[in-house]
Amino acid sequence: MLDAVLRGLAMQPAGTYVDCTYGRGGHASAILERLGDRGRLVVFDRDPEAIGAARKRFDGDARVGCVHGPFSRIAAEVRGLGLGSVHGILFDLGVSSPQLDDGERGFSFQHDGRLDMRFDPGSGIAAADWLKRAPEREISDVLKRFGEERHARRIARAIVRTRSEAPLTRTRQLSELIVSAVPTRERHKHPATRTFQAIRIHINAELEELESALPEAMDILAPGGRLAVISFHSLEDRIVKRFMRNEARGGDYPRGLPGAGPLHPPRLKIVSKATRPDEDEIISNPRARSAVLRVAERI
Ligand SMILES: C[S@@+](CC[C@H](N)C(=O)[O-])C[C@H]1O[C@@H](n2cnc3c(N)ncnc32)[C@H](O)[C@@H]1O
């Protein structure tokens, strides 16, 4: 959805843009190509490998600033770089292809590797350490909440039973355990998909990150500036949709109550509600299948 993102950001050559999720830099490079000498781009990634690659790629380009850290710090970091308000902010949430393809990062049930799953392996706790200690109830709640996994209790029970015999340290161990614990199959979905997604979201506090970052983004967005967010599952998209809707109507007030009015003047105008990739894009990049782009403009 590169074209839709670039259109959504309504790019100005002398504008300042923030790519909150550098990944392997596809969006960042396209943004930079459209910036002139006075334009600025700040890129974030929590993953030291991703941000290391960004530093290397943009070395010597004074227009670009690279920040290793969570995007929930967007406002402070952007101000710290001496930039005032910005003209566009992009979030392309989730995992990057290099992260999924490197088995040792632990994100994929399709490759064997250490059960880590941290975007930043230098902070927080690895999935294996969480699975070693978490009570069965907590594991089951995480799988239900972040993976919408119907068999959460069954899988949590199997995890606790297995770890009492040997620690769960590898992605393959976890994925095989799930395959044998889950009695039914969803079409076109590996039985471990939901569990891996849930553990990753929990380990990286992904929804909390998004909930904190969106209001921060508003604080640094210039009037007329654009906020573009690509989400990959309904939990993220729900947060984005609700945030944009509330900001577009001036607060989270209950609808239909007599006398209920906006809590504050609307701060966003919705530009595009939910853009999804077309069939051609899905064929060339099957991982884009569940992507949804939403764009709003700061009033
Ligand atoms: C889907 S990829 C982005 C792909 C990128 N747009 C591109 O064109 O290559 C998501 C990236 O966001 C990073 N990420 C996820 N959560 C983050 C957070 N809270 N703060 C900073 N980076 C984060 C991940 O490490 C990953 O590299």
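Rules used throughout
Residues numbered from 1 in each chain as written. Predicted model: local features only at pLDDT ≥ 70, side-chain atom pairs only at ≥ 80, totals over all residues. Heavy atoms only, no water. Domains from an automatic or database assignment. Buried area = accessible area lost by both parts, 1.4 Å probe. Salt bridge = Lys/Arg side-chain N within 4 Å of Asp/Glu carboxyl O. Polar contact = N/O pair within 3.5 Å; in protein donor to acceptor, adjacent residues only side chain to side chain. Near = heavy atom within 4 Å. Areas by Shrake-Rupley, 256 points an atom, 1.4 Å probe, with all protein chains shown as cover. Nonpolar A, V, L, I, M, F, W, Y, C, P; charged D, E, K, R; others polar. Patch = residues over 30% accessible without salt bridge, like charges linked within 9 Å, V, L, I, M, F, W, Y side chains within 5 Å. Lys, Arg positive; Asp, Glu negative; His and termini not counted. Charge placed at Lys NZ, Arg CZ, Asp CG, Glu CD. Helix = DSSP H or I, 4+ residues; strand = E, 2+ residues; numbered from the N terminus. Buried < 20%, exposed > 50% of the residue type's maximum accessible area, 1.4 Å probe, protein only. Axes fitted to C-alpha atoms, helices over the stretch in contact; angles between N-to-C directions. Parallel < 35°, antiparallel > 145°, perpendicular 65-115°, else oblique. Left-handed = near helix turned anticlockwise from the far one by under 90°. Contact = heavy atoms within 4.5 Å.

Novice: Looking at this model, I keep getting lost on the domain arrangement of the protein chain. Mind explaining?
Specialist: Accessible area lost during the coming together of the parts is what is often quoted as the interface size. Each assigned domain of the protein chain is listed with its residue range as follows: domain 1 (2-97 + 206-298) and domain 2 (120-203). Distance from the C-alpha centre of domain 1 to the C-alpha centre of domain 2: 30 Å. Roughly 840 Å² of surface becomes buried between domain 1 and domain 2 when both sides are summed, with 51% attributable to carbon and sulfur atoms. Contact with domain 2 buries area across many residues of domain 1, yet E206, H233 and L235 alone supply 47% of it, more than any other trio. Linking domain 1 with domain 2 are two salt bridges. Summed over the shared surface of domain 1 and domain 2, the result is two residue pairs in polar contact (both at pLDDT 80 or more).

Novice: Which parts of the structure should I look at to understand the site of the ligand?
Specialist: In the neighbourhood of the ligand, 22 residues make up the surrounding shell, with H27, D45, D92, Q99 and E209 lying closest. R46 has a polar backbone atom sitting 3.1 Å from a nitrogen atom of the ligand. The separation between an oxygen atom of the ligand and a polar side-chain atom of Q99 is 2.8 Å. Its free accessible area being 600 Å², the ligand has 94% of it covered by the protein chains. For the shell around the ligand, the per-class residue count stands at seven nonpolar, nine polar and six charged.

Novice: Teacher, can you tell me more about a positive patch on the surface here?
Specialist: Together, K144, R153, R154, R157 and R161 make up a region of like positive charge exposed at the surface. The element contributing the most residues to the positive patch is helix α8 (residues 152-163), with four residues. Topologically, R154 is positioned in helix α8.

Novice: Would you mind showing me how to read the pattern of salt bridges here?
Specialist: Pairs can form between side chains of opposite charge once their charged atoms are near each other. Enumeration according to the criterion identifies 18 salt bridges in this entry. Between R105 and D47 there is a salt bridge, with the nearest N and O atoms lying 2.8 Å from each other. With R105 in the loop between α5 (97-101) and α6 (127-133) and D47 in the loop between β2 (40-45) and α3 (48-57), this pair connects stretches of sequence that are 58 residues apart. Residue R105 shares its accessibility class with D47, and that shared class is buried. Across the salt bridge formed by R238 and E148, the nearest N and O atoms sit 3.5 Å from each other. Note that R238 is positioned in helix α12 (residues 234-249) and E148 in the loop between α7 (136-147) and α8, a separation of 90 residues in sequence.

Novice: What am I meant to see in the packing of α7 against α8 here?
Specialist: If you want to describe how two helices pack, look at the angle between their axes and the distance between the axes. Orientation of α7 relative to α8, taken along the N-to-C sense of each, is 140°, at an axis distance of 8 Å. Taken together, the axes of α7 and α8 lie oblique to each other. The chirality of how α7 crosses α8 is right-handed. Residues E136, I139, S140, L143 and K144 of α7 form the contact with α8, whose own contacting residues are A152, R153, I155, A156, R157, I159, V160 and R163. In terms of residue class, the contact of α7 with α8 is made up of seven nonpolar, one polar and five charged.

Novice: Sorry, what's going on with unusual backbone geometry here?
Specialist: Working note: non-glycine residues mostly have negative phi, and peptide bonds are mostly trans. With a phi angle near 45°, A10 is a residue other than glycine that sits in the positive phi range. Structurally, the position occupied by A10 is in the loop between α1 (2-9) and β1 (16-19). A relative accessible area of 36% means that A10 is categorised as partly exposed. Of note in the backbone geometry, A205 takes a positive phi value of approximately 45° without being a glycine. Mapped onto the secondary structure, A205 falls in the loop between α10 (193-203) and α11 (206-220).

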